[in-house]
Amino acid sequence: MKKILGIIASPRNLGNSEMMVKEISSHIPLAHELNLLRLSDFNIRHCTGCYQCLFKKEGCVLDDDLHIIQNAILDADALIVAAPAYFLGANAALKLLLDRGLSFLNHVEKLWGKPAVGIAVAGIEGKEGSTLLGIESFLKLTMTEVKKTAIAYGALPGEVFFNEQNKKTAAELGESLFAPAPEKKAYACPLCGGDTFRFLGDNKVKCMLCSNSGTMRMESGSPVFEINKGEHELFLTKEETIQHGEWLQKMKGRFKEQKSRLKEISMAYKEGGNWIKP
Ligand SMILES: Cc1cc2nc3c(=O)[nH]c(=O)nc-3n(C[C@H](O)[C@H](O)[C@H](O)COP(=O)(O)O)c2cc1C
């Protein structure tokens, strides 16, 4: 029996995100158990940027609930991630967890390629902002194979199912979770499948999901993207993800080499400003 983990980045009990996850689960064609994590139930502290997780077998040194969430992700066969739009982006609980993701780099072999789907919920049609991109970034950086993502609109708890289309969307997401290949979006980055771009002028664009640049041209009225792989990739292949982890580990050596120079620069900024403390 497959173990599906539903990660819900909404603090609202029985809100639209939770209901969408359960509806998606009901359309997964394989026998499975659905385990659920509501991120706001957990004490997730802010990453302090100490990088110790990269060197310690036991992972992050902060004493909080990250290990519970990490173990649930490692233990799952597939993920469903749902987040509501909060001020034009995914609820911050998802980013708070993702910010702790350096410790996931110790588990590339177990994490790489887990099937995943993502659903963004927004209260006002068209006002989701970067919510879906936030969910897709979470899914890519947790090394999943993103099968399909979608946005559903609905503000009040349950309102998402006033619209029958959202039930269909849930069914498509559920059916795609264990499908052999990810859904191909009509206009997307050929490297990572992302469909959010920054326009840099002169037909140049940058994919906001994999951070690679290239060009966009129109062919028969439709945009065609050519995006080139950079030298430092974060999640396009398992090997590059492992290399990224190794590159980060080498930062310790770089830090030691440059320590006195860095200290000199930093000390010049030690004073100044009045700190407001809690
Ligand atoms: C603080 C706050 C900010 C919100 N910001 C947005 C927003 O920027 N865009 C939008 O479409 N909906 C926004 N909403 C509405 C929620 O996305 C919507 O109610 C959604 O259904 C909540 O999902 P949930 O029931 O899973 O919590 C916001 C809601 C709250 C409470």
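Remember, it's a predicted structure, so these values are computed and weren't measured experimentally. (Residues numbered from 1 in each chain as written. Predicted model: local features only at pLDDT ≥ 70, side-chain atom pairs only at ≥ 80, totals over all residues. Heavy atoms only, no water.)

**Q** Please explain the overall build of the chain as it appears in this structure.
**A** Secondary structure summary: the chain contains seven helices and ten strands in total. Here the chain has a C-alpha radius of gyration of 20 Å; the compact-globule value for 278 residues is 19 Å, and the two agree. Projected onto the principal axes, the alpha-carbon positions of the chain cover approximately 60 × 50 × 40 Å. For the chain, the share of sequence-separated contacts (at least 6 apart) that also reach a separation of at least 24 residues comes to 71%. As presented, the chain carries roughly 15,800 Å² of accessible surface, and 53% of it is formed by carbon and sulfur atoms. (Helix = DSSP H or I, 4+ residues; strand = E, 2+ residues; numbered from the N terminus. Rg over C-alpha atoms; globule rule 2.2 N^0.38 Å. Contact = heavy atoms within 4.5 Å. Areas by Shrake-Rupley, 256 points an atom, 1.4 Å probe, with all protein chains shown as cover.)

**Q** Would you take a moment to explain the nonpolar core for this structure?
**A** One broad trend across soluble globular proteins is that nonpolar side chains are buried collectively. The biggest cluster of nonpolar side chains holds 33 residues, and the ones touching the most others in it are I7 and L39. If you list the elements that add at least two residues to this core, you get β1 (2-8), α2 (66-75), β3 (78-86), α3 (92-98), α4 (108-111), β5 (115-122) and α5 (131-141). Those residues in contact with L39 that lie beyond four places of it in its chain are I7, I8, A9, I44, I69, A93, L94 and L97. Core analysis: the second largest hydrophobic core is formed by 20 residues, I8, M19, A78 and A150 among them. (Core = buried A, V, L, I, M, F, W, Y, C linked by side-chain atoms within 4.5 Å. Buried < 20%, exposed > 50% of the residue type's maximum accessible area, 1.4 Å probe, protein only.)

**Q** Explain helix α6 (residues 164-176) here, please?
**A** Structurally, the α-helix is built with 3.6 residues per turn, so residues lying three or four positions apart point the same way. Given a rise of 1.5 Å per residue, 13 residues ought to cover 18 Å, and the 19 Å separating the end C-alpha atoms of α6 matches this to within 8%. If you check which residues of α6 are buried, you get N166, T169, A170, A171, L173, G174 and S176. The opening residue of α6 is N163, an N-cap whose side-chain oxygen sits 2.9 Å from the backbone nitrogen of Q165. (Expected span 1.5 Å × (residues − 1). Polar contact = N/O pair within 3.5 Å; in protein donor to acceptor, adjacent residues only side chain to side chain.)

**Q** Help me out: how do you make sense of the packing of aromatic side chains in this one?
**A** Given two aromatic rings, their pairing is described by the distance between the two centres and the angle made by the two planes. Taken as a whole, this structure holds one aromatic pair when the rule is applied. Note on F197 and F225: the rings are 3.9 Å apart at their centroids and 5 degrees apart in plane angle, and the pair reads as stacked. Linking F197 in strand β7 (residues 197-201) with F225 in strand β10 (residues 222-227), this pair joins segments that are 28 residues apart in sequence. The pair formed by F197 and F225 is uniform in burial state, with each residue classed as buried. Above the ring of F161, the side-chain terminus of K167 is found at 5.1 Å from the ring centroid. Positioned over the ring face of F55 is K252, at 4.5 Å from the centre of the ring. (Phe/Tyr/Trp six-rings, centres within 6.5 Å; stacked < 30°, edge-to-face > 60°. Lys NZ or Arg CZ within 6 Å of the ring centre and 35° of its normal.)

**Q** Just checking my understanding: could you explain the pairing of β5 for this structure?
**A** Residues in a regular strand project their side chains so that they alternate between the two faces of the sheet. Counting buried positions over the eight residues of β5 gives eight, a clear majority of the element. Residue alternation in β5 divides its side chains into two sets, P115, V117, I119 and V121 and A116, G118, A120 and A122, and both sets are buried. With six bridges joining them, β3 and β5 adopt parallel strand pairing. Counterpart to V81 in the pairing with β5 is G118. Direction of pairing for β5 relative to strand β6 (residues 145-153): parallel, over a ladder of eight bridges. Counted as the bridge partner of A122 is Y153 from β6. (Pairing = 2+ DSSP bridges.)

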